[in-house]
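# Per-entry structural report
Each chain is listed here by its residues.
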Amino acid sequence: MFRFLHNHYHALIQGLIRIRANWIGSVMMFLVIGITLSLPTTGFLLIQNASQISNKIQYEAELSIFLDKEIKAEQVDFLHSALKKNSLVKKIHFEPKLVAWEKLQAQLNLSSIEDGVSKNPLPDAFFISLNTLETKKIDSFVSDLKALEGIEEIVLDGGWVKKLRSILYLIKIGIVILGCLLITVLVVVITNTVRLQTLTYQNEIEVSRLIGATNAFIQRPFEYTGLIYGLGGGLVTLGILKIILVSFNLVADRVENLIGGNITLNTFSVEQSIFIIIIAMFAGWIASYIAAKQAIHKLEKNY
Amino acid sequence: MIKFTNVYKRYPGEMDVLQDISLAINAGELVFVTGSSGAGKSTLLKLISAVEKPTSGTIFFENQNLSYLKKNEMPFLRRKFGMIFQDHKLLYDRTCFDNVLLPLAINDSDPSDIGRRVRAALNKVGLLEKEKLMPITLSGGEQQRLAIARAIVSRPSVLIADEPTANLDRGYADEIMNIFYSFQQVGVTVIISSHEIPPTKMKYKELHISKGSLNNVPLLT
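Residues numbered from 1 in each chain as written. Chains lettered and ligands numbered in written order. Predicted model: local features only at pLDDT ≥ 70, side-chain atom pairs only at ≥ 80, totals over all residues.

Now for the overall build of chain B. A count of helical and extended segments in chain B gives 6 helices and 10 strands. The globule rule puts the C-alpha radius of gyration for 221 residues at 17 Å, and the 17 Å found for chain B is close to it. For chain B, the spread of C-alpha atoms along the principal axes amounts to about 45 × 40 × 35 Å. A total of 221 residues make up chain B; the buried ones form 41% of that total. For chain B, contacts bridging at least 24 residues in sequence account for 68% of all contacts bridging at least 6. (Helix = DSSP H or I, 4+ residues; strand = E, 2+ residues; numbered from the N terminus. Rg over C-alpha atoms; globule rule 2.2 N^0.38 Å. Buried ≥ 20, exposed ≤ 12 C-beta atoms within 10 Å, placed from the backbone. Contact = placed C-beta atoms within 7 Å.)

See below:
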C-alpha cells in the first residue's frame, strides 16, 4: 500500500514538474478550461436563482368555478357535496354572490345606486385548490365539471407559474447540453495539449518502456498533469463566477434600492463548487489519459 | 539462460535483418556481439531483451519462451535486464540521482531503500559526488557511466550494452569496459555489442554477425 502511494506521489511530483516546466502554457490551459466552463456554469447559476425565486411562489392548481346566476340553492349544495367527495380537491371555499358583491363594493368604495349598477353582477362561486399539478388529471376534472348543470365558467389559476417552471426546466436542459458540448471541446483541447507534451517527453517514455515500465506507470504523470489542469481550470471557473456575482450584486443592490424587491444572485453551494472542480478534473484526466495512451501506442508501433 | 533456435527477424518492407540465428548464452558469461554496422547486432540485443519479437523461431530466457509472452508481461521481463545504449538515453531534465532512480521507481522498490541503492550504484561507477548535477554537465564517459549506474541499480541478472564505447576515446572506453568486467566477475551475465573485441584478459564468448547470420567463434580464454 505504501509503495502504491509512493508511486502515485512520484507521478504527482512528475506531473507538477511538467506543469512548472511549461508554466506559461499551463496558466493558459487553466484559463482555457476556466473560461470554457464558466459559460455553462454561469447559465446554470442564473437558472438556479430564477428557479429559487419561482419556488418561493406558493403554487398549487386552483380552480375558480363560477355558477349560473339563476342557480338554485339545492343545486349549489349538490355541487358542494360533489366537489367535497372528489379526491382531487384539497380545499373548497364557497363564495356566495351576495358576499362577493359586498366585498367588491367595499373594495371599490362604491354603492350600486350611485354607480348605476342596479343588480348584483357577480355569480356564486367555488374556489378550490387541487392536490395535483398534473395537466391531464386537471383537464379531465375540468371537463367533468363542465358537464355538470349549473356551472357557467371554470378558470384555472396559477398556470403561469407552471409555464415559467417549464421554461426554466427547458433552459436548464439546454444548458446541460451546452455544458456537455463545451466539456467535449475541453477534452479535445486538453488532449491536444497533453499530446504535444508527450512529444516533449518522448525520450522519457521510450527509455521507461525499454527498462520495463508498464503503460500505467508511463501514463500516470500525464494523468496527474491532466488532473492538475482540471483543478486549476475549475478554480478559475469559480473565480470567474465570483467576479460575475460580486459585480452583478453590486449593481443589483443599487437597483433594489430604487425599485425594491430582492434581485441579488446567490452563489453555488460548497457541494456544487466541488462538483464543478470534479467535472473539470475529470475532463482533464480523461483527455490526458487518451493523449498518453495514443503516444504509447504510437511508440509501440515503432518497435 | 538465453537460447535462440532458428530465429529470423524481418521488419516490414525489408529483407531478413537476422537469419537462422541459433545460440546459447549461459549465466555469468561475458559475451561480445561483434560485426560491422548494419550487421544486425542491435536487433539481436533487442530480441534478447524482449524489446522486439522474432518473426520466426524461438527465444528462451530462463526457460520462458519469449514468443508466447503477452504484451502486458513484457515490461516485467525487461526489468530483469540492465540496458545500456550507445546514445545513453539519459533524461536531461533530471539530475543524475533521478536518472538512476527511474528503474527503482518502475520496479516498485521499497521507497525507504531507494536513496541508499541509488547512491551505491553511483558510487560503483564513481559518480557519487555528481548526484545532484544534470547529465548535460557530464563528459561523454561520465554520461555512459551514469547510464551503467541506471542499468545496475535494480541488480539485474543480465547486463546488455549496445556499443557502449563507440563514441568514447580509449581512456574512457577502458574505464567503461573495466566496469563491465567487474560485474561479470560477480556473476552477472554481460552482453556487449561492439565492432570489434576490445583488448582484454577476461574469458569471453564472441558472437560474430555478418549480414544477419551468425558465425560462431570458439570460446576464447
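Within chain A, the regular secondary structure consists of 9 helices and 4 strands. Put simply, chain A runs from its N terminus to its C terminus through helices and strands in the order α-α-β-α-β-α-β-α-β-α-α-α-α. By the compact-globule yardstick of 19 Å for 303 residues, chain A is too spread out, its C-alpha radius of gyration being 32 Å. In terms of overall dimensions, chain A has a C-alpha envelope of 105 × 45 × 35 Å along the principal axes.

Quick look at helix H4 (residues 97-108) of chain A now. The terminal C-alpha atoms of H4(A), which comprises 12 residues, lie 16 Å apart, in line with the 16 Å expected from a rise of 1.5 Å per residue. Following H4(A) by one or two positions, A:Asn109 has its phi on the positive side, about 55°. (Expected span 1.5 Å × (residues − 1).)

Listed as interface residues are 16 residues of chain A and, on the opposing side, 16 residues of chain B. Elements supplying a minimum of two residues to the side of chain A that touches chain B: helix H1 (2-21) and helix H7 (202-210) of chain A. Of the residues contributing to the side of chain A that touches chain B, the split by class is 7 nonpolar, 7 polar and 2 charged. (Nonpolar A, V, L, I, M, F, W, Y, C, P; charged D, E, K, R; others polar.)

Take the packing of helix H5 (residues 140-152) of chain B against helix H6 (residues 170-185) of chain B next. All names here are of chain B. Contact geometry of H5 with H6 gives a least axis separation of 9 Å together with a crossing angle of 15°. When the axis of H5 is compared with that of H6, the two are roughly parallel. By crossing handedness, the relation of H5 to H6 is classed as right-handed. Where H5 abuts H6, its residues Gly-140, Gly-141, Gln-144, Arg-145, Ile-148 and Ile-152 lie against Tyr-172, Glu-175, Ile-176, Ile-179 and Phe-183. Here the contact of H5 with H6 is composed, by residue class, of 6 nonpolar, 3 polar and 2 charged. (Axes fitted to C-alpha atoms, helices over the stretch in contact; angles between N-to-C directions. Parallel < 35°, antiparallel > 145°, perpendicular 65-115°, else oblique. Left-handed = near helix turned anticlockwise from the far one by under 90°.)

With that settled, consider the sheet that holds strand S1 (residues 62-67) of chain A. Residue and element names in this part refer to chain A. Read across the open sheet, the 4 strands follow the order S2-S3-S1-S4; overall the sheet is antiparallel. Sheet topology places strand S2 (89-95) and strand S4 (151-157) at the edges, where each strand pairs with a single neighbour. Shown here is a sheet whose adjacent strand axes are inclined to one another by a mean of 20°, direction ignored. As defined by bridge partners, S2 adjoins strand S3 (residues 125-130) across 6 bridges and the pair is classed as antiparallel. Along S3, the bridge assignment pairs Ile-92 with Ile-128. The strands touched by helix H5 (residues 135-146) within the sheet are S1, S3 and S4, with S4 carrying the most contacts at an inclination of about 165°. (Pairing = 2+ DSSP bridges.)

Attention now moves to the domain arrangement of chain A. Parsing chain A into structural domains produces domain 1 (2-57 + 163-302) and domain 2 (62-157). Placing the centre of domain 1 of chain A and that of domain 2 of chain A at their C-alpha centroids yields a distance of 56 Å. (Domains from an automatic or database assignment.)

All right, on to the sheet that holds strand S5 (residues 64-65) of chain B then. All names here are of chain B. The strand order across the open sheet formed by 4 strands is S2-S1-S4-S5, and the pairing between neighbours is antiparallel. The open sheet terminates on both sides in strands that have one partner only, identified here as strand S2 (16-25) and S5. Two elements, strand S4 (residues 56-61) and S5, share 2 bridges in a ladder whose sense is antiparallel. By the bridge assignment, Phe-61 is partnered in S5 with Gln-64.

Another aspect to go through is the environment of B:Phe81. All names here are of chain B. Along the chain, Phe-81 falls in strand S6 (residues 81-84). On the neighbour-count criterion, Phe-81 (25 C-beta atoms within 10 Å) is buried. Apart from the residues within four sequence positions on either side, Phe-81 is in contact with Ser-49, Pro-156, Val-158 and Ile-160.

Moving on: the pairing of S6(B). Residues and elements named next belong to chain B. Taking every second residue as pointing to the same face, both faces of S6 are buried, with Phe-81 and Met-83 on one and Gly-82 and Ile-84 on the other. The sheet contact formed by S6 and strand S7 (residues 158-162) spans 4 bridges and is parallel. Within the sheet, the bridge partner assigned to Ile-84 lies in S7 and is Ala-161.

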